[in-house]
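Single-letter residue listing:
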Amino acid sequence: MPTDARALNERALRNVEVLIERSQYADAIEAVGDINVPATSQPELALRVLFAESWARMYVGDLALSESLLERARSLAEAPVFDDAARGEALFRLACCRSKTGRTSNAILLFTEALRLMGSSDGLRARVLDWRSRCYQVQREWDAARADAERSLELAEAAADERGRADALFQCSLIAERGGDALLGRFYAEAARDAYAQIGDRGAEARILNNLGGLQFLLGDAAEAVALLQQSFALALEVGNEADAAQAVSSLAQVHLRCGAPQLAEKQARHALTILERRDDYLDELGNVHLVLGRALLDQGRTVEANQAFAAAEWTFERLGSRSHVAAVWTAQGDAYRLLGDVDAAADLYRRAAEALQDFHF
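Residues numbered from 1 in each chain as written. Predicted model: local features only at pLDDT ≥ 70, side-chain atom pairs only at ≥ 80, totals over all residues. Heavy atoms only, no water.

Taking 1.5 Å per residue as the helical rise, helix α14 (residues 262-276) with its 15 residues ought to reach 21 Å, and the 20 Å between its terminal C-alpha atoms agrees with that figure. Regarding α14, the residues found buried are P262, A265, E266, Q268, A269, A272, L273, I275 and L276. The inward-facing, buried residues of α14 contact α13 (242-258) and α15 (283-299). (Helix = DSSP H or I, 4+ residues; strand = E, 2+ residues; numbered from the N terminus. Expected span 1.5 Å × (residues − 1). Buried < 20%, exposed > 50% of the residue type's maximum accessible area, 1.4 Å probe, protein only. Contact = heavy atoms within 4.5 Å.)

Okay, structure coming up:
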């Protein structure tokens, strides 16, 4: 490749990578289409192109094409010109894509192998640990999730990687919230928000605002929770991310349901569903919306419709592979059967939920 052509491709690719860093994924996909790099003559550049396009497509929900691109990247990285660190990064990115499709156990194996190959690169290791922590959270392995998130934060700070630090803070916030410590969760979330604002990632800032809204509600401030969720919704729309906007609407539905407004919660949940039903990379939120919808219908006495929504939530959470989410659905189904007067069926469902969550089996 002529030197001037290579320089043009380098500049174009760097522009794509900057767009991805700012969560402008649709723009990145459009821009990467103008880059044509032959893998035979410029394999290093070709690998970066595959990494960039696959990452952007993963975040717009095109998981099948993203995984196909990453399989090509993994194959290309096996060439002698690449070292183990490049092979580790290829495995890391493939694991991220698989985690979004619910293949959590496989993703953990790939993340672990990626760590082995990556050596001493603090920045890359921080990212792998951050994503593996997410998988451990799905599997309710809280000690492992916390250890990975905290180690990711340490490594990101050592590498002066502000994005890695922000992502690790986000995971620390989620783990604290799931552990029942909403105050600590808010502390981490506010720090993550400041970090995302500093690097100019408004898409990630919209996502953390959604979580902050939920934390404020758990801390008893419903009005502030609604304000934060509305900010999240507006910012997600501003950056062109409909799915994150729908996630904020889903959270608003949850708040309104718990505040005694099931009709409004139903309307908001149905609106969120029109977007999230098209996104296989938002399985957790899709299941949550079905669950909120079912609860809202149940509060209105529409038990048959509620059970249909609960069935959709159960199927979605089974795909995600999260026992705690499935247990929440069984509890909701138990409430529905109790209202119908079928106490035995309700008791069976409550028992299933309790058994799914217990850690002591013998």
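Now for the nonpolar core. With 80 residues, the main nonpolar core has W55, F92 and F111 as its most contacted residues. The biggest single contributor to this core is helix α3 (residues 43-59), with eleven residues. Sequence-distant contacts of F92, defined by excluding residues within four places in its chain, comprise W55, F111, A114, M118, R127, V128 and W131. Of all hydrophobic cores here, the second largest spans 37 residues; its members include L276, L298, V326 and A327. (Core = buried A, V, L, I, M, F, W, Y, C linked by side-chain atoms within 4.5 Å.)

Okay, the side chain of Q216 next. Here Q216 shows up in helix α11 (residues 202-218). Q216 sits in the buried class, given a relative accessible area of 9%. Residue contacts for Q216: discarding those within four places in its chain leaves R186, D221, E224, A225 and L228.

A few words on helix α8 (residues 142-158). In a regular helix each residue adds 1.5 Å, so 17 residues correspond to 24 Å; α8 covers 24 Å between its end C-alpha atoms and thus fits that length. Of the residues making up α8, those classed as buried are W142, A145, D148, A149, S152, L153, L155 and A156. As for α8, its buried residues are in contact with α7 (122-138) and α9 (162-178). Where α8 ends, the next residue or the one after it, A160, has phi of about 55°, a positive value.

Turning to the side chain of D201, a few remarks are in order. Within the secondary structure, D201 is located in the loop between α10 (182-199) and α11. Here D201 falls in the buried class, since its relative accessible area comes to 0%. Within polar-contact distance, the side chain of D201 engages the side chain of S23 at 2.6 Å. When neighbours within four sequence positions are excluded, D201 is seen to be in contact with E21, R22, S23, R163 and Y196. (Polar contact = N/O pair within 3.5 Å; in protein donor to acceptor, adjacent residues only side chain to side chain.)

What follows is about the packing of α9 against α11. Interaxial distance between α9 and α11 falls to 12 Å at its minimum, and their mutual angle equals 25°. Between α9 and α11, the angle is such that the two are roughly parallel. Judged by the sense of rotation from one axis to the other, the crossing of α9 with α11 is left-handed. Together, F170, S173, L174 and E177 of α9 and R207, I208, N211, L215 and L218 of α11 make up the contact between the two elements. (Axes fitted to C-alpha atoms, helices over the stretch in contact; angles between N-to-C directions. Parallel < 35°, antiparallel > 145°, perpendicular 65-115°, else oblique. Left-handed = near helix turned anticlockwise from the far one by under 90°.)

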